[in-house]
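Each chain, letter by letter, is given below.
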Amino acid sequence: MDANNRKVSVITPLYNGERFVAQTIESVLAQTYQDWEMLIINDGSKDNGPAICREYAARDARIKVFDQPNGGSASARNNGIRRAEGRYIVLLDADDTWMPYFLDTQLELMRSKNAVLVYGSYCRINENGQDCLRPFIAPESITYKDLLKTCSISCITGMYDTLKIGKVYLREEFRSLRDDHVFWLEIIKKCGVAYGNQRILGSYRILGNSTSRDKKKVIWPQYLVYRRAEGFGVIKSLYYLLCWAIAGYLKYRK
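Rules behind the numbers
Residues numbered from 1 in each chain as written. Predicted model: local features only at pLDDT ≥ 70, side-chain atom pairs only at ≥ 80, totals over all residues. Heavy atoms only, no water. Helix = DSSP H or I, 4+ residues; strand = E, 2+ residues; numbered from the N terminus. Buried < 20%, exposed > 50% of the residue type's maximum accessible area, 1.4 Å probe, protein only. Salt bridge = Lys/Arg side-chain N within 4 Å of Asp/Glu carboxyl O. Pairing = 2+ DSSP bridges. Right-handed = clockwise from strand over helix to strand, strands pointing away. Axes fitted to C-alpha atoms, helices over the stretch in contact; angles between N-to-C directions. Parallel < 35°, antiparallel > 145°, perpendicular 65-115°, else oblique. Left-handed = near helix turned anticlockwise from the far one by under 90°. Contact = heavy atoms within 4.5 Å. Nonpolar A, V, L, I, M, F, W, Y, C, P; charged D, E, K, R; others polar. Phe/Tyr/Trp six-rings, centres within 6.5 Å; stacked < 30°, edge-to-face > 60°. Lys NZ or Arg CZ within 6 Å of the ring centre and 35° of its normal. Arc of directions from axis to C-beta. Core = buried A, V, L, I, M, F, W, Y, C linked by side-chain atoms within 4.5 Å.

Participant: What is the right way to look at unusual backbone geometry in this model?
Facilitator: Where the residue is not glycine, phi is negative for most of them; where a peptide bond is considered, it is trans in most cases. Positive phi is not limited to glycine here, since Asn-16 has a value of about 50°. Among the structural elements, Asn-16 can be located in the loop between strand S1 (8-14) and helix H1 (21-29). With relative accessibility at 34%, the residue Asn-16 sits in the partly exposed group. Here the phi dihedral of Asn-114 falls at roughly 50°; this positive angle occurs in a residue that is not glycine. Tracing the chain through its elements places Asn-114 in the loop between helix H4 (102-113) and strand S6 (117-125).

See below:
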């Protein structure tokens, strides 16, 4: 990767996202930092979402749409990462949005800290765009052990520098459950520390059937993060699972 490459590659998996994806794309188009590409991976959608995305792609060459059979968010994100031409990789789901200053702010944080991995704070909204929980305020920095206990890095705000560590890919066996947590763990093991931005950088949408809020659906997948992805023994895995459960309760209470 050329050190002069300052492009940001925005990776957006799309599965039946017609309701919100236009808002997501508009928030990327509104960025004050304009050196970006947006790679939208249609993961076998059955609605009009891909057509909406192609309309945007026809108007702006920085937006590109690719199709694949349904394989889950990890597969779709990896497809985008493989195609990415930018130095910086960001994951943005098709129902979330950024503040116009998101890219500028995160790139400045990365420069000021000489960081490999940065993340930030965000609002939490419902399907109607209304605040449904208090904003999540990111800790100033986290280590690998911190990230084992709770995932402070969200797909809406995480950004990493491929010049320093190369491209990192998601574990596709996790499909769409905890694949992002394993992804951030892989990166932070390479860099040691990640830096957080206390400024609100976007809006993370929590839908009625969201697994982010219903922790019961992801207890077993989370346990597998520790057992399979990190290779911990049973006792150590259960310890971190308990830490994660307590942190999750605190994170998603009103």
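Structure shown, so let's carry the discussion forward.
Participant: Help me understand the pattern of salt bridges in this model?
Facilitator: A side chain of one charge can pair with a side chain of the opposite charge when the charged atoms of the two come close. Scanning the model with the defined rule gives twelve salt bridges in all. Its salt-bridge partner being Glu-37, residue Lys-64 comes within 3.1 Å of it at the nearest N-O pair. Remark: Glu-37 occurs in strand S2 (residues 36-43) and Lys-64 occurs in strand S3 (residues 63-68); sequence separation between them is 27 residues. Accessibility expressed as a relative area gives 26% for Lys-64, which makes it partly exposed. Here Arg-54 and Asp-67 are joined by a salt bridge, their closest N and O atoms 2.5 Å apart. Pair noted here: Arg-54 is in helix H2 (residues 49-59) and Asp-67 is in strand S3, with a separation of 13 residues, a long-range link. Taking the relative accessible area as the measure of exposure, Arg-54 reaches 38% and is therefore partly exposed.

Participant: What is the right way to read the pairing of S3 from this model?
Facilitator: Sheet faces and side chains relate simply in a regular strand, where the side chains alternate between the two faces. Sheet topology note: the S2/S3 ladder contains six bridges and is parallel. When the bridges of S3 are listed, Asn-42 appears paired with Asp-67. Each parallel crossover has a hand, and the one from S2 via H2 to S3 is right-handed.

Participant: Before we go on, may I ask you to explain the packing of helix H8 (residues 219-229) against helix H9 (residues 234-252) in this structure?
Facilitator: In helix packing, the relevant descriptors are the interaxial angle and the interaxial distance, both defined with respect to the helix axes. In the contact formed by H8 and H9, the axes pass within 9 Å of each other and the chain directions differ by 130°. By the criterion of interaxial angle, the relationship of H8 to H9 is oblique. For the crossing formed where H8 meets H9, the hand is right-handed. Between H8, through Ile-219, Gln-222, Tyr-223, Tyr-226 and Arg-227, and H9, the contact on the second element is made entirely by Val-234, Ser-237, Leu-238, Tyr-240, Leu-241 and Trp-244. For the contact of H8 with H9, the residue count by class is eight nonpolar, two polar and one charged.

Participant: Can you walk me through the packing of aromatic side chains in this structure?
Facilitator: For any pair of aromatic rings, the description rests on two quantities: the centre-to-centre distance and the angle between the ring planes. One pass over the structure, following the stated rule, counts nine aromatic pairs. One cation-aromatic arrangement involves Arg-199 over Tyr-101; the distance from NZ or CZ to the ring centre is 3.6 Å. For the cation-ring pair, Lys-236 lies above Phe-232, with the distance from its terminal atom to the ring centre recorded as 4.2 Å.

Participant: Any chance you could explain H1 here in plain terms?
Facilitator: What sets the pattern is the α-helix's 3.6 residues per turn: residues three or four places apart point alike. For H1, the complete set of buried residues consists of Val-21, Thr-24, Ile-25, Ser-27 and Val-28. Taken end-on, H1 shows its buried residues confined to a sector of 155°, consistent with a single buried face. In the core, the buried residues of H1 are packed alongside S1, S2, H2, S3 and strand S5 (97-98).

Participant: What exactly am I supposed to notice about the side chain of Gln-222 here?
Facilitator: Its place among the elements puts Gln-222 in helix H8. Residue class for Gln-222 comes out buried when judged on its relative accessible area of 0%. When sequence neighbours within four positions are dropped, the list of residues in contact with Gln-222 reads Arg-178, His-181, Leu-241 and Trp-244.

Participant: I would appreciate a short explanation of the nonpolar core in the present structure.
Facilitator: Grouped burial of nonpolar side chains is what soluble globular proteins tend to show. Core analysis: the biggest nonpolar cluster contains 76 residues, and Val-8, Trp-98, Met-159, Tyr-160, Phe-183 and Trp-184 have the highest contact counts within it. At six residues, helix H7 (residues 179-191) tops the list of elements feeding residues into this core.

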